[in-house]
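As a plain string of letters, each chain reads:
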Amino acid sequence: MARYLISFNDGAMDHIPAEDFPDVGKAAHAVTQEAMNAGVWVYGGGLERQQASIVATDGTVTDGLFPETKEVIGGLTVVDVATREEALEWAAKMAAACRCPQEVREIMADPELDVMLSEAAGRG
């Protein structure tokens, strides 16, 4: 299994009239429930529209995006599926529900992190 980030850009849903948002929310929640029922849902949510805080390697905090940043993520979902094709299928369902295109990217596997998470879960 591999994890995939499915995301859309901030502003991608700006074309949707306010009166349609309840229907979009219901459709998005239905796809989320379907992914949960299928056992592929890991995490997801929308991001608040706000100025980002940048934390430097020395801990210094500044406000704002990097100057070269043109787009930011507006919402995200992480699924754990067997193939990229399956991730693309889930992204298609989410695109239809949210009425906006979705970007799909594989999350790099980190077996050492998996061990750390497993050990931490055993302590809880």
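It should be emphasised that the depicted structure is a prediction, and the values quoted were computed from it without experimental measurement. (Residues numbered from 1 in each chain as written. Predicted model: local features only at pLDDT ≥ 70, side-chain atom pairs only at ≥ 80, totals over all residues. Heavy atoms only, no water.)

**Some points on the side chain of T77**
Our working definition: To qualify as a helix, a DSSP run of H or I must reach at least 4 residues; to qualify as a strand, a run of E must reach at least 2; elements of each kind are numbered from the N terminus. A contact between two residues is defined here by any heavy atoms of the two lying within 4.5 Å.
By secondary structure assignment, the location of T77 is in strand β5 (residues 73-81). Dropping the residues within four chain positions of it, T77 is found in contact with Y4, L5, I6, W41, Y43, G44 and M94.

**Brief notes about the sheet that holds strand β1 (residues 2-9)**
Backbone hydrogen bonds are what pair the strands of a sheet, in a parallel or an antiparallel way. The criterion, for reference: Two strands are said to pair when DSSP picks up at least two bridges between them. Helix axes are fitted to C-alpha atoms over the stretch in contact, other axes to C-alpha atoms as well, and angles between N-to-C directions run from 0 to 180 degrees.
Pairing is antiparallel in the open sheet, where four strands are placed in the order β2-β5-β1-β6. At either end of the open sheet lies a strand with only one pairing partner, and these are β2 (41-46) and β6 (103-106). Taking each pair of neighbouring strands and ignoring which way they run, the sheet shows an average axis angle of 20 degrees. Contacts from helix α2 (residues 84-98) reach β1, β5 and β6 within the one sheet, and its direction differs from that of β1 by about 30 degrees.

**Observations regarding unusual backbone geometry**
Counted only if it meets this: Throughout, exposure labels follow a simple rule: accessible area from a 1.4 Å probe, protein chains only, divided by the maximum for the residue type, with under 20% read as buried, over 50% as exposed, and the rest as partly exposed.
Positioned with a positive phi, R99 is a non-glycine residue whose angle comes to about 60 degrees. Residue classification places R99 among the partly exposed residues on the basis of a relative accessible area of 37%.

**Focus: the nonpolar core**
Put simply, the rule reads: Take the buried Ala, Val, Leu, Ile, Met, Phe, Trp, Tyr and Cys residues and link them wherever side-chain atoms come within 4.5 Å; each set so joined is a nonpolar core.
Y4, I6, V79, V81 and W90 are the most contacted members of the largest nonpolar core, which has 14 residues in total. For this core, the secondary structure elements donating two or more residues are β1, α1 (21-38), β5 and α2. The residues touching Y4, leaving out its near neighbours within four places in the chain, are T77, V78, V79, V81, T83, R84, A87, V104, R105, E106 and I107. Residues F8, M13, C98 and C100 belong to the second largest nonpolar core, which totals six residues.

**What about the pattern of salt bridges?**
Which entries qualify depends on this criterion: One side-chain nitrogen of Lys or Arg within 4 Å of one carboxyl oxygen of Asp or Glu is enough to make a salt bridge.
Summed over all chains, the structure comprises six salt bridges. Here D20 and R99 are joined by a salt bridge, their closest N and O atoms 3.2 Å apart. With D20 in the loop between β1 and α1 and R99 in the loop between α2 and β6, this residue pair connects regions lying 79 residues apart in the sequence. By relative accessible area, which is 22% here, D20 ends up partly exposed. R105 serves as the salt-bridge partner of E103, at 4.0 Å between the closest nitrogen and oxygen.

**A look at a nonpolar patch on the surface**
Cut-off, in case you're wondering: For patch detection, residues must exceed 30% relative accessible area and be free of salt bridges, and they are connected within 9 Å for like charges or within 5 Å for nonpolar side chains (Val, Leu, Ile, Met, Phe, Trp, Tyr). Each accessible area is a Shrake-Rupley estimate made with a 1.4 Å probe; only the visible protein chains count as cover when residues are assessed.
Together, L113, M116 and L117 make up a nonpolar patch on the protein surface, roughly 280 Å² of accessible area in all. Turning to its location among the elements, L117 is positioned in helix α3 (residues 111-123). The partly exposed category is assigned to L117, whose relative accessible area is 49%.

**What to know about the layout of surface pockets**
The test is simple: Here a cavity means grid points, on a 1 Å grid over the protein atoms only, where a 1.4 Å probe fits yet cannot get out; a pocket means an open set of points with protein on both sides within 12 Å along at least five of seven lines; lining residues are those with an atom within 4 Å of a point. Grid points are joined across faces, edges and corners, and a volume is the space filled by probe spheres set on the points. When residues are grouped by polarity, Ala, Val, Leu, Ile, Met, Phe, Trp, Tyr, Cys and Pro land in nonpolar, Asp, Glu, Lys and Arg in charged, and all others, Gly among them, in polar.
Estimated volume of the largest pocket: approximately 540 Å³. The element contributing the most residues to the lining of the largest pocket is α1, with seven residues. Residue composition of the lining of the largest pocket, by class: 14 nonpolar, eleven polar and three charged. Here the second largest pocket defines a volume of roughly 320 Å³. Looking at the second largest pocket, it is lined by 14 residues, and the ones nearest its centre are R3, M108, A109, D110 and D114. Looking at the lining of the second largest pocket, the elements that each hand over two or more residues are β1, β5 and α3. Counting residues per element, the lining of the second largest pocket draws most heavily on α3, at three residues. Residues that form the lining of the second largest pocket fall into these classes: nine nonpolar, no polar and five charged.

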